[in-house]
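Survey of secondary and tertiary structure
Below are the chains, spelled out letter by letter.
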Amino acid sequence: MKSQYVAALDQGTTSTRCMLFDHHGRLVSVAQKQHRQYYPQPGWVEHDAAEIWSITKQVITQALSDAELPADSIAALGITNQRETVVIWDRLTGVPVHRAIVWQDTRTAAILRRIEAALDAATIRQKTGLPLVNYFSVPKVMWILENDPGLRARADRGELLFGTIDCWTPICMRSWGTAGKR
């Protein structure tokens, strides 16, 4: 029986890292690469989701190569990621249609004030257990659709999907070996 390894993928705010561990929990290999940060205005933070996906594949491949391991030696994969970075993509192609708005972005302050005026922050916190803050996804999606009429029209026609970066990434995984064959 061949040795099995565990891969840990950490897709963070500034970089993506893949670590491989043997069955004793010893670190066998690590590969890491940074991705670009976009700051269109003060308080705004964006990422290119396609770049993140490309880097994710690169660091997994590099970690396996550095350890001289085939992909089928990985028995399990643990993933952590930027949980509230929002991606909007074309429903048919999976291609992002706007830069991802990062979890720490603050552009949605006016939207949050509108939500609070309509729904009351205390009620929202009571029902969800969460404060009304920029961190969460819905205000980011609202901002994109309110500020890009073309995307709003496409969303209204059902052509777009949205979610956090971990929701979009599995879409990409389907095409891991089929890039360019859509």
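This write-up is about the structure you can find in this document. This one's a predicted model, so the numbers in the text were calculated from it and none came from an experiment. (Residues numbered from 1 in each chain as written. Predicted model: local features only at pLDDT ≥ 70, side-chain atom pairs only at ≥ 80, totals over all residues. Heavy atoms only, no water.)

**A short note on the packing of helix α2 (residues 109-119) against helix α3 (residues 121-128)**
Contact geometry for α2 and α3: axes closest at 7 Å, N-to-C directions at 85°. Between α2 and α3, the angle falls in the class roughly perpendicular. The residues of α3 that touch α2, namely those facing Ile115, Glu116 and Leu119, are Ala121, Thr123 and Ile124. Across the contact of α2 with α3, the residue classes tally to four nonpolar, one polar and one charged. (Axes fitted to C-alpha atoms, helices over the stretch in contact; angles between N-to-C directions. Helix = DSSP H or I, 4+ residues; strand = E, 2+ residues; numbered from the N terminus. Parallel < 35°, antiparallel > 145°, perpendicular 65-115°, else oblique. Contact = heavy atoms within 4.5 Å. Nonpolar A, V, L, I, M, F, W, Y, C, P; charged D, E, K, R; others polar.)

**Remarks on α2**
Within the sequence span of α2, burial applies to Ile111, Leu112 and Ile115. The buried side chains of α2 occupy one side of the element, clustering within an arc of 100° when seen end-on. Away from its buried face, by an angle of more than 90 degrees, α2 presents the exposed residues Arg113 and Ala117. Contacts made by the buried residues of α2 are with α3 and α4 (137-147). Where α2 terminates, the next one or two residues include Asp120, which has phi positive at roughly 70°. (Buried < 20%, exposed > 50% of the residue type's maximum accessible area, 1.4 Å probe, protein only. Arc of directions from axis to C-beta.)

**Comments concerning unusual backbone geometry**
Within the chain, Glu68 stands out as a residue other than glycine whose phi angle is a positive 55°. On the secondary structure map, Glu68 appears in the loop between α1 (49-66) and β5 (74-81). For Glu68, a relative accessible area of 73% gives the class exposed.

**Side note on the environment of Asp72**
Looking at the element boundaries, Asp72 is found in the loop between α1 and β5. When the C-alpha atoms of Asp72 and Tyr5 are compared, they prove to be 9.3 Å apart, with 67 residues separating the residues in sequence. Aside from chain neighbours lying at most four places away, what touches Asp72 is Lys2 and Gln4.

**Details of the side chain of Glu46**
When you line up the elements, Glu46 lands in strand β4 (residues 46-47). Here Glu46 falls in the buried class, since its relative accessible area comes to 6%. Within polar-contact distance, the side chain of Glu46 engages the side chain of Arg107 at 2.9 Å. The contacts of Glu46, once residues within four sequence positions are left out, are Arg36, Gln37, Tyr38, Pro40, His98, Arg99, Ala100, Val102 and Arg107. (Polar contact = N/O pair within 3.5 Å; in protein donor to acceptor, adjacent residues only side chain to side chain.)

**Structural notes on the packing of α4 against helix α5 (residues 149-156)**
For the pair α4 and α5, the least separation of the axes is 5 Å and the interaxial angle reads 110°. Considering their axes alone, α4 and α5 lie roughly perpendicular with respect to each other. Every residue of α5 that contacts α4 at Ile144, Leu145 and Asn147 is listed here: Pro149, Leu151, Arg152 and Ala155.

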